[in-house]
Amino acid sequence: MQRQLKLSDSILTRSRKNKIISHLTTARLLLFGFLLIILIGTLLLLLPFSTKKDKSINFIDALFTATSATCVTGLSVTPTAGTFSTFGQIVILVLIQIGGLGFMTFTSFFYSMLGKKLTLRRRLTMSEEMSQNSMQGLKSIAIKIMILALGAETIGIVFLTIGFCIQGVPFGTSLWYGLFHSVSAFCNAGFDIVSVTGVSLVDYNNNYLILITLALLIGFGGLGFIALVDVFEHKKFSKWSLHTKVVVVMTLALTFGGAFIFWLAERKNPDTIGNMSLLGQWVNCYFHSVSNRTAGFACIPVDKMRNLSISLSMALMFIGAAPGSTGGGIKVTTLYILIAYVIATLKQKKEYVVDKKSIGTNILAKASSTVLLAMFILFISAMLIFTAENNKGTENLLMLIYEQISAYSTCGLSMGVTSKMSTLSKLVIIIDMYLGRIGAFTFFMSFAKSNREISKIKYPEANINV
């Protein structure tokens, strides 16, 4: 009798466990995984030895910093160098690395090193995290991602250390600066530890070695790991997948197009690049255009830019980087798909064909949903922030919108108002950063009930005027 009771209890426990697991979809695992990392990071940053002796932070500021680091955003309510001790900076660096490469990539890599097989659920979650449609070869992809990331960051450390030494920084400090900023740049995080006042890299805008090295690291990280692996395995453009071709072409167009417009707008502005040489102007405009896409390093004072530059900056932040990358935004592929279908519609074509492949309506639906959900989140967030900050004057509305777009796109560029925000506004920004890293589409999909049954009933198409 006692044996039967134990057996029945075991069956009941197993059924409850299976029921819980069945509710943990891949999207929900990503949500809870990132949330767990953020909470652990928050608790570590609240430790007394995480901050400098004369500094301390409250729970909201620790949560804000941990979220910003894990979601590779770079927005901060307090200067990283002036507030956090070496231990605190190491915690931030680890959060950046895990958040940038993805916690599933890390766990899958270590599973592979230990010789263990990836379970179906682990492969599903990893493919969702990397925006990969196929689950084939995920084990080898995880290893290649780690090799590429660590290789790029190591090269970055060498050049950045030289760059900081040229600036007159002692070698030991230069090496630590090189390590921190190399990881921060490749992961598109935008955290820096060279400014105790929070002006980022403005004091280093004449050091071209540092700016170009950081820009290249940001660019590689923003291409996306699937595209990077494709580029390194197939040297010729013709052999790249359509995804890689779109990512590379769109990235180059946005980067250099943005740099040119920034130069046109700021070349006579003495508060930004007006007093620099022509070479200095172009290097800083190129760096700013790259950083605008999701990195968040500032080489010129953002709040001193012309209105055209600020508008372009918000547009580039909203677009962001590539799928499966360390960057955020709605992604360059989403923009390409929408532009392609606009052109096809104007030409009265029912489908858009590129590289002998048709872009299906499912991809169009996902791209449209991504943009609409992003705009919905930004609109709701703006209403909440405007309400919380309504006593600070209408002149700050543009700054608040800029800060909010920067948070959702996980860019991190700031006009200097984040630290002055109320607790409610900071919480809204925290949620924006979290949703921006997870992706609005993934977030809302995690709460929607999937209907995998294919209906045999076909309804006539509705005729709605647009």
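Everything numeric here is computed off the predicted structure, so don't read it as measured data.

**What about the overall build of the protein?**
In terms of regular secondary structure, the protein is built from 19 helices and two strands. Expressed as a percentage of its 466 residues, the buried residues of the protein come to 51%. For the protein, contacts bridging at least 24 residues in sequence account for 71% of all contacts bridging at least 6. Just so you have it, the protein exposes about 23,500 Å², and 65% of that area is on carbon and sulfur atoms.

**Structural notes on the pattern of salt bridges**
Counted by the stated rule, this structure contains one salt bridge. A salt bridge links K426 to D61; the nearest nitrogen and oxygen atoms lie 3.2 Å apart. Residue K426 is located in helix α18 (residues 423–438), and its partner D61 is located in helix α3 (residues 59–70); the two are separated by 365 residues in the primary sequence. D61 gets classed as buried once you look at its relative accessible area, which sits at 13%.

**Quick word on the nonpolar core**
Among soluble globular proteins, nonpolar side chains are generally buried collectively. Core analysis: the biggest nonpolar cluster contains 118 residues, and I96, F287 and Y402 have the highest contact counts within it. Tallying contributions element by element places helix α12 (residues 242–266) first for this core, with eight residues. Setting aside residues no more than four positions away along its own chain, F287 makes contact with L201, L211, L214, A215, I218, F297 and C299.

**Some points on the packing of aromatic side chains**
Two aromatic rings, taken as a pair, are described by how far apart their centres are and by the angle between their planes. Within the structure shown, the criterion is met by 11 aromatic pairs. Pairing F164 with Y177 gives two aromatic rings, centres 5.3 Å apart and planes at 70°, and the pair type is edge-to-face. Here Y177 lies in helix α9 (residues 171–186) and F164 lies in helix α8 (residues 138–166), a separation of 13 residues in the sequence. Of the two residues, F164 and Y177, neither departs from the other in class, the shared state being buried. Through pairs of rings, three or more aromatic residues link up here, namely F164, Y177 and Y204.

**Focus: the confidence of the model for the protein**
When the pLDDT values of the protein are averaged, the result is 82; 81% of them are 70 or greater. This model gives residues 11–22 a pLDDT under 50, and the stretch forms one contact once residues within four places in sequence are excluded.

**Examining the packing of α9 against helix α10 (residues 208–223)**
The interhelical angle for the contact between α9 and α10, taken along N-to-C directions, is 40°, at an axis separation of 7 Å. As summarised for this structure, α9 and α10 are arranged oblique, according to the angle between their axes. Between α9, through H181, S182, A185 and F186, and α10, the contact on the second element is made entirely by L214, L217, I218, F220 and G221. Its residues placed into classes, the contact of α9 with α10 shows six nonpolar, three polar and no charged.

**Side note on the packing of helix α14 (residues 307–319) against helix α17 (residues 397–408)**
Between α14 and α17, whose axes approach to 9 Å, the crossing angle comes to 25°. Between α14 and α17, the angle is such that the two are roughly parallel. The element α14 and its partner α17 pack so that their crossing is left-handed. Where α14 abuts α17, its residues I310, S313, M314, M317 and F318 lie against L398, I401, Y402, I405 and S406. Tallied by class, residues from the contact of α14 with α17 come to eight nonpolar, two polar and no charged.

The rules behind these values
- Residues numbered from 1 in each chain as written.
- Predicted model: local features only at pLDDT ≥ 70, side-chain atom pairs only at ≥ 80, totals over all residues.
- Heavy atoms only, no water.
- Helix = DSSP H or I, 4+ residues; strand = E, 2+ residues; numbered from the N terminus.
- Buried < 20%, exposed > 50% of the residue type's maximum accessible area, 1.4 Å probe, protein only.
- Contact = heavy atoms within 4.5 Å.
- Areas by Shrake-Rupley, 256 points an atom, 1.4 Å probe, with all protein chains shown as cover.
- Salt bridge = Lys/Arg side-chain N within 4 Å of Asp/Glu carboxyl O.
- Core = buried A, V, L, I, M, F, W, Y, C linked by side-chain atoms within 4.5 Å.
- Phe/Tyr/Trp six-rings, centres within 6.5 Å; stacked < 30°, edge-to-face > 60°.
- pLDDT = per-residue confidence, 0-100.
- Axes fitted to C-alpha atoms, helices over the stretch in contact; angles between N-to-C directions.
- Parallel < 35°, antiparallel > 145°, perpendicular 65-115°, else oblique.
- Nonpolar A, V, L, I, M, F, W, Y, C, P; charged D, E, K, R; others polar.
- Left-handed = near helix turned anticlockwise from the far one by under 90°.

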